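Geometric and topological summary
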Amino acid sequence: MTAPPLGAPASTAAPEPSRAPDPAAPPPEQSRTLETPQAPNPPQVLPSGPNPPQVPTSGPNPPPAPSPAPNPPPPPGTGRLTAVLGPRTRRVVYGEPTPTDIRAELDLTSTVDLAHVVMLTESGLLPGPAAAALLDRVGRLRADGFRDLVGAPAPRGLYLMYEGHLVAELGADVGGKLHTGRSRNDLKATVTAMRLRGELLELLSQLLRLQAALLSRARVHRDVVMPVYTHFQPAMPVTYGYYLAGLATALDRDIAGLRHTVDELGRRCPLGAGAVAGTDLPIRPARTAALLGFAGPPLHATDAVAARDTALRALAAAASAGVTLSRLATDLQLWSTQEFGFVEFPERLVGGSSAMPQKRNAFLLEHVKAKAAAAVGAWTASASAMKSTPFTNSIEVGTEAVAVVWPALAAVRDSVLLTQVLVTGARPVPARMEQRAKEGFVTATAIANRLVAQGVPFRTAHHAVGAAVRAAVDSGAAELTDITPPDGHPGLGGTLPPLAAVVADHDRGGGPGECDQVVAALRRRLGAHADWGTACRDRLRDADGALAAAVAEVVGRYGPGAPAAAGSGEATGGSG
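Let us look at the structure shown here. (Residues numbered from 1 in each chain as written. Predicted model: local features only at pLDDT ≥ 70, side-chain atom pairs only at ≥ 80, totals over all residues. Heavy atoms only, no water.)

**Concerning the nonpolar core**
In plain terms, the rule: Throughout, nonpolar core names a set of buried Ala, Val, Leu, Ile, Met, Phe, Trp, Tyr and Cys residues whose side chains join them through atoms within 4.5 Å. Throughout this description, buried means an accessible area under 20% of the type-specific maximum (1.4 Å probe, protein chains only), exposed means over 50%, and partly exposed covers the range between. Helix numbering and strand numbering both begin at the N terminus, where a helix is a DSSP run of H or I of at least 4 residues and a strand a DSSP run of E of at least 2. Every residue pair with non-hydrogen atoms within 4.5 Å of one another is taken to be in contact.
Counting residues in hydrophobic clusters, the biggest one holds 118 residues, and the most contacted among them are Tyr162, Leu196, Tyr240, Trp335, Val343 and Phe345. No other element matches helix H5 (residues 184-220), which puts 16 residues into this core. With near-sequence residues (within four places) excluded, Val343 lies in contact with Tyr240, Leu332, Trp335, Ser336, Ala426, Arg427, Pro428, Val429 and Met433. Grouped together as the second largest cluster of nonpolar side chains are 14 residues, Ala444, Ala468, Val469 and Leu480 included.

**Topic: the side chain of His529**
To keep things clear, this is the line we draw: Counted as a polar contact is a pair of N or O atoms within 3.5 Å, where, for protein atoms, one must be capable of donating a hydrogen and the other of accepting one, and residues adjacent in sequence contribute only when both atoms are in side chains.
Within the secondary structure, His529 sits in helix H17 (residues 515-558). Classification of His529 as buried rests on a relative accessible area of 3%. At 3.1 Å, the side chain of His529 forms a polar contact with the side chain of Arg259. Not counting chain neighbours up to four residues away, the residues in contact with His529 comprise Leu208, Asp252, Ile255 and Arg259.

**So, unusual backbone geometry**
Located in the positive-phi region is Phe232, a residue other than glycine, with phi close to 65°. Along the polypeptide, Phe232 turns up in the loop between strand E1 (225-230) and strand E2 (233-239). Within the chain, Ser388 stands out as a residue other than glycine whose phi angle is a positive 65°. If you trace the backbone, Ser388 turns up in the loop between helix H10 (364-386) and helix H11 (395-403).

**Let's talk about the pattern of salt bridges**
As a reminder of what qualifies: One speaks of a salt bridge when a side-chain nitrogen belonging to Lys or Arg is within 4 Å of a carboxyl oxygen belonging to Asp or Glu.
Per the counting criterion, the structure on display carries 18 salt bridges. Bridged by salt links that share partners, the residues Glu122, Arg284 and Arg287 form one connected network.

**Quick word on the packing of aromatic side chains**
The cut-off we apply is this: Planes of paired rings set the category: under 30 degrees apart is stacked, over 60 is edge-to-face and the rest tilted, where pairs are Phe, Tyr or Trp rings (Trp by its six-membered ring) whose centres lie within 6.5 Å. Charges are assigned to positions over rings by a cutoff of 6 Å between ring centre and Lys NZ or Arg CZ, combined with an angular limit of 35 degrees from the ring normal.
Taken as a whole and assessed by the stated rule, the structure comprises 7 aromatic pairs. Geometrically, the ring pair formed by Tyr229 and Phe340 is edge-to-face, given 5.7 Å between the ring centres and 65° between the ring planes. With a gap of 111 residues between them, Tyr229 in strand E1 and Phe340 in the loop between helix H9 (309-335) and strand E3 (343-344) connect regions that are remote in the sequence. Each member of the pair, Tyr229 together with Phe340, is buried. For the ring pair Trp335 and Phe342, a centre distance of 6.2 Å and an interplane angle of 45° mean the geometry is tilted. On the accessibility criterion, Trp335 (5% relative accessible area) is buried. The residue whose ring lies beneath Arg195 is Trp406, and the NZ or CZ to ring-centre distance is 4.0 Å. In this arrangement the basic side chain of Arg197 is found over the ring face of Phe294, its NZ or CZ atom lying 4.5 Å from the centre.

Right, dumping it as structure tokens:
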């Protein structure tokens, strides 16, 4: 029998850009005592195994054979409790999951299940035929997008509805063994880590594309002279390419922060931590960690289910990237006004007005500016939910604090996508930039420094050049043309330095004269980031391949049609 389909690797799939947090996510075991759902008419499916009994055929004259006893439905409640939440309360806590919600959550959950079943089988905790039946049924659910679960009652959340379906389909002796050696607490922490890893890798991929665009435009426009501003006043001469390289420098740190978070996520898989203190069953957490693309098992069980600080660091790094982009967007929007006229955008990147025919609004920049707020607000909300909670598994940390993470990351990713097209589409206006640089007397500091090079104390040179600027303004001159040297000091001689020469001379301390070196260094960093991302995806792809192979081995050894030697029902240790 062939292995059940694994589908697209859930750990590396690109997340849906606008998916809201799943309010139907299962709450942790330690904090929720609601009952398992009892399906009104549970499917009557016989247990699968090496030689499953045949269902009597239907027809006008069926063979006179006794009907096999159907699998009993899952027992009501939890054993301790016998009531469930009412419909309205249930909607508040779990929401009303759509088919997309169900598929999104259970894709990752069932990936964990595949690895867990393989590990239980190899550890001797799950009989081979039961494991094969579970893997086959889970694989079929995945291949069909969990369509059989759409509309099923879920009074205790999606996971227990899903597990109840497996029990109803396969019987308690098979489906009821899936949860051996684990809890919803470590399961949920693992699913969160896998989803966060996948979404951060996708965000990083888009940030690297944006970084490449910034560096490409920085090289193209490295000679387009413009004034740089401080306090919204012309300050010194730089180039548009140098400005873009500065944004790329800041973005490089944001990328490094997100890289660190992904590396942190990949070190430890929470699965195996159990409810809060591990387990006394002989499980092999290192095996499931490897199959799910993690470097190792939990270091400390309570920490594994109690902490979501990595999600906070992810939000902080994403918020920092969003803030960086919002500052770029502010500059570009200001520079695209008629008053500045430094930058123009093509019509495909601007919008008009419903009332004012002349309008040409660079409105996409306003979306970029605003979307950073989602990540900043999400960090605040998440940290506030975690604050002062006991250091153990809790709803506040595992559910409420995490719920805001996903829309925040989606908002930052959308901001990155918008910025990509805005950076590549923006066109500087060199003549206007140079004109404003001259009119802003931005060579004043360079002139003062030339006097300093002739022995004039800097403060004396500063006053002399300041007086020259005042005289030029009073006379209506558009730029500095003459400097009266301080008493006892020679003049500069000849004409004052042109803008391009001043820019080129600022080749120390990371000035615009070093723009080419800055871009080269950042391109090397970009290459290193890209290599790291490729290595991450390769590791996850290898883990997916190892999981698929392990599932195929179990199903091939113990599933229907397997060699008779495997039909004893005994689980054997694997090589993993």
